[in-house]
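One-letter residues, chain by chain:
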Amino acid sequence: MVTRSTTAPGVGRAAPGEPQLASFRAVCEQLAGRELRGATALHEFSVSSSREFWQALLHWSGLLWEGTSEPVCTGDDVETARFFPGVRLNYAENVLCPLGDDDAPALTSVHATRPAEHLTRGELRSAVARTAAALRTAGVGPSDTVASVAPNHAGTVVAALAVAAIGATLSSATPDMGPGTLLGRFGQVRPAVLLVDRTGTGAGADGDGVAALVAGLPEVRQVLVLDDEPLAAVGGVPVARLAELVAAVPDGAAPEDWPRLPFDHPLWVMFSSGTTGPPKAMVHGAGGSLLEHVKEHRLHGDLRRGDVLYFHTTTAWMMWNWQLSALAVGAHVVLYDGPVDGPETLWRLVAEHGVTVFGTSPAYLQLCQDEGYRPRDAVDLRALRAVLSTGAVLHDWQFDWLADAVGDVPLQSVSGGTDIVGCFVLGHPELPVQRGRSQALSLGLDVAALDDAGVPVLGEVGELVCRRPFPSRPVGFLADPDGRRFHEAYFADHPGVWTHGDRIEIAADGSARVHGRSDGVLNIDGIRIGPSEIYTIVRRLPEVADAMALEQQDPTRPGAARLVLLVVLTPGTTLDDDLAQRVRAVLRRQGSAAHVPSLVLQVEDLPVTHNGKKSERAARDTLDGVPVRNLAALRNPASLAGIATAAQQAARADAARREAVDDIPDGVARAFAEVLHAPVDEGTHFFDAGGTSRQSMTLLRRLRGELGRPIGMDDFLADPTVRGLRAALAADPAPADAVERLREGAAGVPPLVFVHGVHGDTDLYRSLVQALETDAPVYGLTAHPGTGHAVGTLSLADLARRHVETLTALVPDGPVRLAGYSFGGLVAFEMAGLLTARGREVTFLGLLDTLPPSSQLSDGARRLYHLAGRLAHTLPGMGEVTAGQFRRRVADRLLRRRRAASPAPATAPDRELARGEELFHAHRWSRHPGPVSYFRARRRPPVVLNHLYAWRRVAPDLTVVDVPGAHDDLLAAEHTPELAARFSAALRRSAA
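Source: prediction; values computed, not measured.

**Student:** Help me understand the overall build of the protein, please; the structure alone is not making it clear to me.
**Tutor:** Secondary structure summary: the protein contains 32 helices and 39 strands in total. Sequence-distant contacts in the protein: of pairs separated by 6 or more residues, those separated by 24 or more amount to 71%. Summed over all atoms, the accessible surface of the protein reaches about 38,400 Å², with 52% contributed by carbon and sulfur.

Here's what the structure looks like:
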């Protein structure tokens, strides 16, 4: 039996001036009986003698535990192995244990609008002890799970550590998540206690949001709030203020004898989205998480007492949990719960608080570079000794920028994931930084890159795997009683070996570069498509023997992707235009428009490995013009030449078709060809030719602008061919009606009226309108080109007055309901004010991600529009792009900067958009006291696009509803079901 109740003098301490890694290397050299010079030698020992390594780390670290460190690990299968079954410890005890100076700073909580809070190590430990006692009094015990919805501030950290102290399990989320998202996560957790901070949330965790959460979480028996806002009843569940419970703890009644629990006792439940189904609820054990974090902080980051760590994160990201563990090494942790107002925000924080290790993302560094911001010229960074970056791939030029604009500070690219609550690749205190690469593989983690044949490779991109057990592997998934989901997520491809789902290239020196995801899900313009869905459909065609769907870099739209379908046809069959059209048609009818490939190529054979597994990567690299690695792994490498030849032939044919576009005399046919990027027969169905709903709107907007007359979407959909649209245009034009009936409804029910977008049409609302759950008749107000009230002919205020007159003629009296997206939302808001002034009741006003006009913002806030646009194109996840697409998008933007080509002439829709934006931002709005439902796009750069404070000034009765998507694709078909459900629910609430 071994018990460590105090840190032994000198245990795990490095000599002054040397990294802590040197001290630990000496321990490993004693175990190995040989010198372990260099990073690769030490890493090789850590994986070849992994049990000795992890046992040595546990003893060297000085962590507090009891029991025996034998056995170290129960097996060699990563899926089933358990570490240190004889060890018991407490996470909070270890991160808060006395280190000789209780007056040393431990936590600084920085806020945007009020002074920072400071806690010493002794004060933090005392606050956690009292909070833990209060939670115990409230009935929280080691078998309970606490769900937290709170920002990144000191109160949240104290509560989180108190939960860990008593042995309960924590699952945390950020307040701006909507109730639907939170329920999708916490519904699996089934928490006993809900911990909430409602301040500054805008949505999700406000009063209504808390009630919605509790209603969907029947196991919740107590709600504890961290804020000072009034307590509200939430469906009969007791609600209390945590601070008041803490204040009621008698002096001396907060002991720190917290229970030591098994090494893999559940500490956190964290979430990572799978490619299908609900988010994976991953349970992480206390001992494995703590030991991995201490290893990363001390050995790879050389973090120690006196260091000040700030990592820009939210409570929903694993880096928040990772930073808490830095307290265990005596570091001073800085938190921030405010907005990023510009590139200077975080660098000022770093300077003002003496941060020595700063954690950020490639997106933020790119923003700083794009804005021309140079931190070294603006703030004092003398304390800073390292910058860490994660969340996406760091580009070579970002290393150059940091060296120039920040200084001689190592930029460490770290990568791992929520799945392991740690890193596979990260920094190293003894190694130089190589631009574009992570310095080292994580000690103790047997990381390798496997080629398509499952063979480890160096210097080539392969599948990231970990071949030996490691302590921070999840204990398992919730709602997975037989372990099937856990197995399928990580072990189905390589039994007994962790398969992470990333592509990585590892050099002989141990440095690495992560290349993004390796799963087979295609991501085309933000829409995820399972290849199996495509294969199931096309194989029903008798001519198709086999197929492979690929995501290719679109040569016509740099930075974007397109869907390419390779087909192997039955003997004697040739891919002609008719068959290609039938392939597209069957995919559209039996799948969706998203399943229709931009390009169909006939090939003789599809590349497969020697074990018969298809190699999508080899085919994709061939199409992208990237050298294919390890051709020897393919059974039929000659198939790649066939793919390349087919692509070249298609490119030549496509170029010829594009040249032919200019020769098309008919305006309708030419518009079809330009929108679809190729001429089509006059009888070809627009959507069978690969057209999308967005492209159909582009087509009609173009023709409306060029012809100066309205063309209804219904007229187009009746026969979506060149011939059909030409016939519709040949008919006598109907009088331009400012009102369109979008959907029939019941008599006597107040109508719902959508206001057109910036192009004057209501086509963008059609899929939403059809999915709404309402009996109301639905109308659309239009302002088509060629009419007297077309967008751009009147000010926004005059346009609203014109629409009020039209609406009054349509519905002379009674209540009305209005809605609009972006430009249409601002017009609808102005109409609501005019109608209210006339005595009409506007019972519902729905604003679909409508930003405030810039004329109504301060100078500083107006800058955020510019920053928001940049963030939306650089922040991973804003467009649901893959890492590769994100990389190409940034590279393309830089390439376009260097080009001196003249801009293309503006089209009619371009001119409409420019004029509409000018009118939008020049508008001066008025206050509207009635109820407003603001449907906020869930994917947005944090704070930069959140101008709710401006809306609340003029719409005090504002309710925020989070909806899927980003601003530009809010009304896209893939988001319609959830958007329609939330919109319908808001309509029902307004009628209650």
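This is not the end of the story, as more comes after the structure.
**Student:** Which parts of the structure should I look at to understand the environment of Ser990?
**Tutor:** With respect to the helices and strands, the residue Ser990 is situated in helix α32 (residues 976-991). Setting aside residues no more than four positions away along its own chain, Ser990 makes contact with Arg817, Thr843 and Phe844.

**Student:** Where do I start with the packing of aromatic side chains in this structure?
**Tutor:** Here a ring pair, both rings aromatic, is described through the centre-centre distance and the interplanar angle of the planes. Tallied over the entire structure, the rule returns 30 aromatic pairs. Considering the side-chain rings of Phe83 and Phe84, the 6.1 Å spacing of their centres and the 55° angle between planes classify their relative orientation as tilted. Neither Phe83 nor Phe84 differs from the other in exposure class; each is buried. Where Phe424 meets Phe470, the ring centres are 6.3 Å apart and the plane angle is 75°; that geometry is what we call edge-to-face.

**Student:** How should I be thinking about unusual backbone geometry in this particular structure?
**Tutor:** Leave glycine aside and you will find that most residues have negative phi; peptide bonds, for their part, are mostly trans. Look at the link from Glu70 to Pro71: it is a cis peptide, with omega at -5°. Mapped onto the secondary structure, Pro71 falls in the loop between β2 (65-67) and β3 (87-89). For Phe84, which is not glycine, the phi dihedral falls at a positive 45°. By the element assignment, Phe84 lies in the loop between β2 and β3. Accessibility expressed as a relative area gives 0% for Phe84, which makes it buried. Even without being a glycine, Ser822 presents a positive backbone phi close to 55°.

**Student:** I would appreciate a short explanation of the side chain of Asp761 in the present structure.
**Tutor:** Checked against the element boundaries, Asp761 lands in the loop between β34 (752-755) and α25 (766-771). Given the relative accessible area of 1%, Asp761 is considered buried. A distance of 3.1 Å separates a polar atom in the side chain of Asp761 from the backbone nitrogen of Asp763. In contact with Asp761, not counting residues within four places along its chain, are Arg701, Arg704, His756 and His784.

**Student:** I keep staring at the environment of Ala132 and nothing clicks. Help me out?
**Tutor:** Structurally, Ala132 is set in helix α5 (residues 121-137). Expressed as a C-alpha distance, the spacing of Ala132 and Val158, which sit 26 residues apart in the sequence, is 9.1 Å.

**Student:** Looking at this model, I keep getting lost on the sheet that holds strand β32 (residues 599-602). Mind explaining?
**Tutor:** Two orientations exist for strands paired in a sheet by backbone hydrogen bonds: parallel and antiparallel. Pairing within the open sheet is mixed, and its 3 strands lie in the order β30-β31-β32. The open sheet has two edge strands, β30 (544-553) and β32, and neither has a second partner. Ignoring strand direction, the axes of neighbouring strands in this sheet form an average angle of 25°. As paired strands, strand β31 (residues 561-569) and β32 are joined by 4 bridges and run parallel to one another.

**Student:** I'm lost on the nonpolar core in this one. Help?
**Tutor:** Within soluble globular proteins, side chains that are nonpolar generally end up buried alongside one another. Of all hydrophobic cores here, the largest spans 113 residues; its most connected members are Trp54, Phe84, Tyr91, Val128 and Trp498. Taken domain by domain, the makeup of this core includes at least three residues from each of domain 1 (3-88) and domain 2 (120-259). The next biggest cluster of nonpolar side chains, apart from the first, holds 42 residues, and it includes Ala669, Phe754, Leu768 and Phe935.

**Student:** What's the story with the pattern of salt bridges in this structure? I'm lost.
**Tutor:** Once their charged atoms are close, side chains differing in charge can pair, the charge on each being opposite to the other. With the rule as written, the count across this model stands at 41 salt bridges. As a salt-bridge pair, Arg513 and Asp396 come within 3.3 Å of each other at their nearest N and O atoms. Placement of the pair is Arg513 in strand β27 (residues 512-517) and Asp396 in helix α15 (residues 396-405), with a sequence separation of 117 residues. Residue classification places Arg513 among the partly exposed residues on the basis of a relative accessible area of 23%. Given the relative accessible area of 24%, Asp396 is considered partly exposed. Put simply, Glu918 and Arg915 hold a salt bridge, and the shortest N to O gap is 3.0 Å. With Glu918 and Arg915 both in helix α30 (residues 908-922) and 3 residues apart, this pair spans about one turn of that helix. Residues joined by salt bridges that share partners form a network here, namely Asp396, Asp400, Arg435 and Arg513.

**Student:** Would you take a moment to explain helix α19 (residues 616-624) for this structure?
**Tutor:** Since there are 3.6 residues in each turn of an α-helix, residues three or four apart along the chain are aligned in direction. Looking at α19, one finds that the buried residues are Arg617, Ala618, Ala619, Asp621, Thr622 and Leu623. Gly625 lies just past α19 and shows a positive phi near 75°.

**Student:** Help me out: how do you make sense of the pairing of strand β4 (residues 105-110) in this one?
**Tutor:** Moving residue by residue along a regular strand, the side chains alternate between the two faces of the sheet. A large share of β4 lies buried, amounting to 5 of its 6 residues. When β4 meets strand β5 (residues 117-120), the two strands line up antiparallel, connected through 4 bridges. Bridge assignment links Thr108 to a residue of β5, and that residue is His118. As consecutive antiparallel partners, β4 and β5 are separated by 6 residues. Summarising the sheet, β4 and strand β15 (residues 332-336) pair through 4 bridges and their orientation is parallel. Bridging across to β15, Val110 finds its partner in Tyr336.

**Student:** Hey, could you run me through the pairing of strand β17 (residues 386-389) in this one?
**Tutor:** Residues Ala386 and Leu388 of β17 are buried on one face, and the alternating residues Val387 and Ser389, pointing to the opposite face, are buried as well. When strand β16 (residues 357-360) meets β17, the two strands line up parallel, connected through 4 bridges. If you follow Gly359 over to β17, its bridge partner there is Leu388. In terms of strand pairing, β17 meets strand β18 (residues 411-413) through 3 bridges, oriented parallel. From the neighbouring strand, Leu388 faces β18, where its bridge partner is Gln412.

**Student:** Looking at this structure, how should I read the packing of α5 against helix α6 (residues 154-165)?
**Tutor:** Between α5 and α6, the least distance of the axes is 8 Å, while the angle of their chain directions is 60°. Note that α5 runs across α6; the crossing there is right-handed. In this structure, α5 contributes Leu124, Ala127, Val128, Thr131, Ala132 and Leu135 to the contact, and α6 contributes Val158, Ala159, Leu161, Ala162, Val163 and Ala165.

**Student:** Can you walk me through helix α13 (residues 362-370) in this structure?
**Tutor:** Counting buried residues in α13 gives 8 out of 9 residues, a clear majority hidden from the surface. Taken as a whole, α13 has its buried residues at Pro362, Ala363, Tyr364, Leu365, Gln366, Leu367, Cys368 and Asp370. Just past α13, the residue Gly372 takes up positive phi, approximately 70°.

**Student:** Sorry if this is basic, but what is going on with the side chain of Asp962 here?
**Tutor:** One can find Asp962 in strand β39 (residues 958-963). A relative accessible area of 2% places Asp962 in the buried class. Here Arg936 takes part through its side chain, which lies 3.1 Å from a polar atom of the side chain of Asp962.

**Student:** Explanation requested: the packing of α13 against α15 in the structure shown.
**Tutor:** For any two helices packed against each other, the geometry comes down to the angle between their axes and how far apart the axes lie. The N-to-C vectors of α13 and α15 enclose an angle of 60°; their axes lie 10 Å apart at closest approach. The angle between α13 and α15 places the two elements in the oblique class. Viewed along their axes, α13 and α15 form a crossing whose handedness is left-handed. Along the contact surface, α13 presents Pro362, Leu365, Gln366, Cys368 and Gln369, while α15 presents Trp397, Gln398, Trp401 and Leu402. For the contact of α13 with α15, the residue count by class is 6 nonpolar, 3 polar and no charged.

**Student:** Would you take a moment to explain the sheet that holds β5 for this structure?
**Tutor:** On the basis of which strands lie adjacent, the open sheet formed by 7 strands has the order β5-β4-β15-β14-β16-β17-β18 and mixed pairing. Strands with a single pairing partner mark the edges of an open sheet, and in this sheet they are β5 and β18. Taken over all neighbouring pairs, the strand axes of this sheet differ in orientation by 20° on average, direction set aside. For strand β14 (residues 308-311) and β15, the ladder comprises 3 bridges, and the chain directions are parallel. Bridged to Val308 within β15 is His332.

Definitions and limits used
Residues numbered from 1 in each chain as written. Predicted model: local features only at pLDDT ≥ 70, side-chain atom pairs only at ≥ 80, totals over all residues. Heavy atoms only, no water. Helix = DSSP H or I, 4+ residues; strand = E, 2+ residues; numbered from the N terminus. Contact = heavy atoms within 4.5 Å. Areas by Shrake-Rupley, 256 points an atom, 1.4 Å probe, with all protein chains shown as cover. Phe/Tyr/Trp six-rings, centres within 6.5 Å; stacked < 30°, edge-to-face > 60°. Buried < 20%, exposed > 50% of the residue type's maximum accessible area, 1.4 Å probe, protein only. Polar contact = N/O pair within 3.5 Å; in protein donor to acceptor, adjacent residues only side chain to side chain. Pairing = 2+ DSSP bridges. Axes fitted to C-alpha atoms, helices over the stretch in contact; angles between N-to-C directions. Core = buried A, V, L, I, M, F, W, Y, C linked by side-chain atoms within 4.5 Å. Domains from an automatic or database assignment. Salt bridge = Lys/Arg side-chain N within 4 Å of Asp/Glu carboxyl O. Left-handed = near helix turned anticlockwise from the far one by under 90°. Parallel < 35°, antiparallel > 145°, perpendicular 65-115°, else oblique. Nonpolar A, V, L, I, M, F, W, Y, C, P; charged D, E, K, R; others polar.

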